[in-house]
Amino acid sequence: MTDSPAFRAPLDPAEQPILDSILTLRDKLSLLKQDRSTYVKSQDVISLYNALLVQVSSLNALCENKRTEQNRVDTVLDDCFQLISLFFLTIGRNNEAPAVYSAVSTVKRLLDHLAEAKFYSPTDLDGIEGHIVKWEGSVERHPDDSEHMITLLKARIAVCKQTLQELRDGLSRLDPQMLATYQKLVSILRSLSACNTRSRYPEQEVKEFEAQLLDIQDGLHETRDSHVGQSAEKVYADRLAAIRLTEGGAREGDVVVKSLLARCLLWCEIVQEKKGKIDDRFEEVYTKLLKIRNNLEQMNLTHAWSLRETDLYSFQRQLDRIDESRVEGNFLDALNRPADLHAQRTLLYLLRKSYAFIYQYIVSSEPVSEALLPIYNQLLTLKRCLVEVQNNGGVDSPRELYPYSMKLKSIDNMKKDGAFRIGDEIPEGQGSCISLLAECFEMAYELRTEAQEKEEEAEERALTNGGAEA
């Protein structure tokens, strides 16, 4: 496991024993993460968390007046808190302060990247804001947790809220019609960036996006940037520089939209010129980011059944190291030369997209222990099936519900003394599972009642028709 390549202050010799202890804890957390032979037990996580808090207290007492400089202790401590946070999600304790740590760290990077990219959708901000409010509530409800963690979380949440407001201010003067056009442009720009990273360059698809952009240009009565004697990359860079000069205040809505349209057309031109080929100097980091993005994307198909939240840790750390290796936002080659605009924006897109997947998995994590997830997922599937049956008019006979009833009964029989137990332990997420089970029973009962009523009505009609014939 490697540490951040960023510069760190020299280690105080007095901190060495604490560092050794934290390194040992990180190793234990890593081993626990890798052990797939059994589910993660709450007591194992809590024991390691408490041991970490002891070291944090010792560190704070030793360095009360000099914790502004970051050294290796801080880096390893962050590793431990990230792992602990993901473990809290794994054991279903999503609403406690430690579980918030990893989510807030990921969102902070996402917001920074949105600000750096200079384009984003209001829906991006709405979703993030809702989760920040939720996490802030979790921190406020657990003031007895580690003072170090609570202080750090409050500070990071405050920074996220400030960045969020600054991003909102940038779109504050968009009227509804302009906002719709702006969101369409954001979608096209992201789609073009996705095309730019395909294994095979989709030329026809890019041309279709260009046609959409030209239609929007006609609707706005704009003309395409003329850059005779200058490359599209140079003009694009100049437009980004112009945006930076106006930062700190809200721009008029039409200026925001027209500026983004010009960037979209320039980026489309750059993508068509490069055809998915990145500068050879950055091929290695591009391949690495592409692999991370693709792996995270593939997890989207199976994460409800097989993802252990701690699996995200290795991806997080790889991304963090790449992000932290940049200098003033620039990706540098082996000779410390910055990337050209195409490579810079392409790598930033992959970095942001990968963090977005991690964010998605964290916020979609259910407050159910890994031990109960098989039961919870079976109930979710049963609920979806029953909803589908309801939406298609129900069943004609109660007998059609036997498979659902038998499955629900078998799950209900797994409870002991009113709880789903794994050995002698009662894992987190009992309320979610029992509530979902009750909901499924209620839906099955309603469908059965409707089917019985249909049968009775059919019998009455048959009797009535028979009497009439007689």
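Residues numbered from 1 in each chain as written. Predicted model: local features only at pLDDT ≥ 70, side-chain atom pairs only at ≥ 80, totals over all residues. Heavy atoms only, no water.

Draft legend 1. Examining the layout of surface pockets more closely. A volume near 410 Å³ is recorded for the second largest pocket. For the lining of the second largest pocket, the secondary structure elements donating two or more residues are α11 (283–306) and α12 (312–324). Per element, the largest residue contribution to the lining of the second largest pocket is 3 residues, and it comes from α11. The class makeup of the residues in the lining of the second largest pocket is 7 nonpolar, 2 polar and 7 charged. (1 Å grid on protein atoms, 1.4 Å probe; cavity = no way out; pocket = protein on both sides within 12 Å on 5 of 7 lines; lining within 4 Å. Points joined across faces, edges and corners; volume = space filled by probe spheres on them. Helix = DSSP H or I, 4+ residues; strand = E, 2+ residues; numbered from the N terminus. Nonpolar A, V, L, I, M, F, W, Y, C, P; charged D, E, K, R; others polar.)

Draft legend 2. Just the pattern of salt bridges, in detail. Scanning all chains against the criterion turns up 31 salt bridges. Between Arg-337 and Asp-333 there is a salt bridge whose closest N-O contact spans 2.8 Å. Note on Arg-337: relative accessible area 40%, which makes it partly exposed. A single network of salt bridges, built from pairs that share partners, joins Arg-26, Asp-78, Asp-79, Arg-109, Glu-116, Arg-156, Arg-317, Asp-320, Arg-321, Asp-323, Glu-324 and Arg-326. (Salt bridge = Lys/Arg side-chain N within 4 Å of Asp/Glu carboxyl O. Buried < 20%, exposed > 50% of the residue type's maximum accessible area, 1.4 Å probe, protein only.)

Draft legend 3. Representation of unusual backbone geometry. The backbone phi angle of Lys-118 is positive, close to 70°, even though this residue is not glycine. Structurally, the position occupied by Lys-118 is in the loop between α4 (97–117) and α5 (122–141). You can call Lys-118 buried: its relative accessible area is 17%. Positive phi is not limited to glycine here, since Asp-417 has a value of about 55°. Take Asp-417: it is sitting in the loop between β1 (415–416) and β2 (419–420). For Asp-417, a relative accessible area of 68% corresponds to the exposed category.

Draft legend 4. Expanded view of helix α7 (residues 176–195). Taking 1.5 Å per residue, 20 residues should reach 28 Å; α7 reaches 29 Å between its end C-alpha atoms and fits that length. Buried residues along α7 sit in contact with α4, α5, α8 (203–219), α10 (253–274) and α13 (341–363). Capping the start of α7, Asp-175 holds a side-chain oxygen 3.1 Å from the backbone nitrogen of Gln-177, two or three residues further along. (Expected span 1.5 Å × (residues − 1). Contact = heavy atoms within 4.5 Å. Polar contact = N/O pair within 3.5 Å; in protein donor to acceptor, adjacent residues only side chain to side chain.)

Draft legend 5. Seen up close, the confidence of the model for the protein chain. On average, residues of the protein chain carry a pLDDT of 87, and 90% of them reach 70 or more. In this model residues 1–7 is a low-confidence stretch, pLDDT under 50, and it forms 18 contacts with partners more than four residues away in sequence or in other chains. (pLDDT = per-residue confidence, 0-100.)

Draft legend 6. Inspection of the packing of aromatic side chains at higher detail. Per the stated rule, a full pass over the model turns up 4 aromatic pairs. Ring plane angle 35° and centroid distance 5.4 Å describe the contact between Phe-81 and Tyr-101, whose orientation is recorded as tilted. Residue Phe-81 is found in helix α3 (residues 72–90), and its partner Tyr-101 is found in helix α4; the two are separated by 20 residues along the sequence. Residue Phe-81 is classed as buried on the basis of its relative accessible area, which comes to 1%. Look at Tyr-236 and Trp-267: their rings are 6.0 Å apart centre to centre, the planes differ by 55°, and that puts the pair in the tilted class. Of this pair, Tyr-236 sits in helix α9 (residues 232–245) while Trp-267 sits in helix α10, placing them 31 residues apart in sequence. The class for Tyr-236 is buried, based on a relative accessible area of 1%. (Phe/Tyr/Trp six-rings, centres within 6.5 Å; stacked < 30°, edge-to-face > 60°.)

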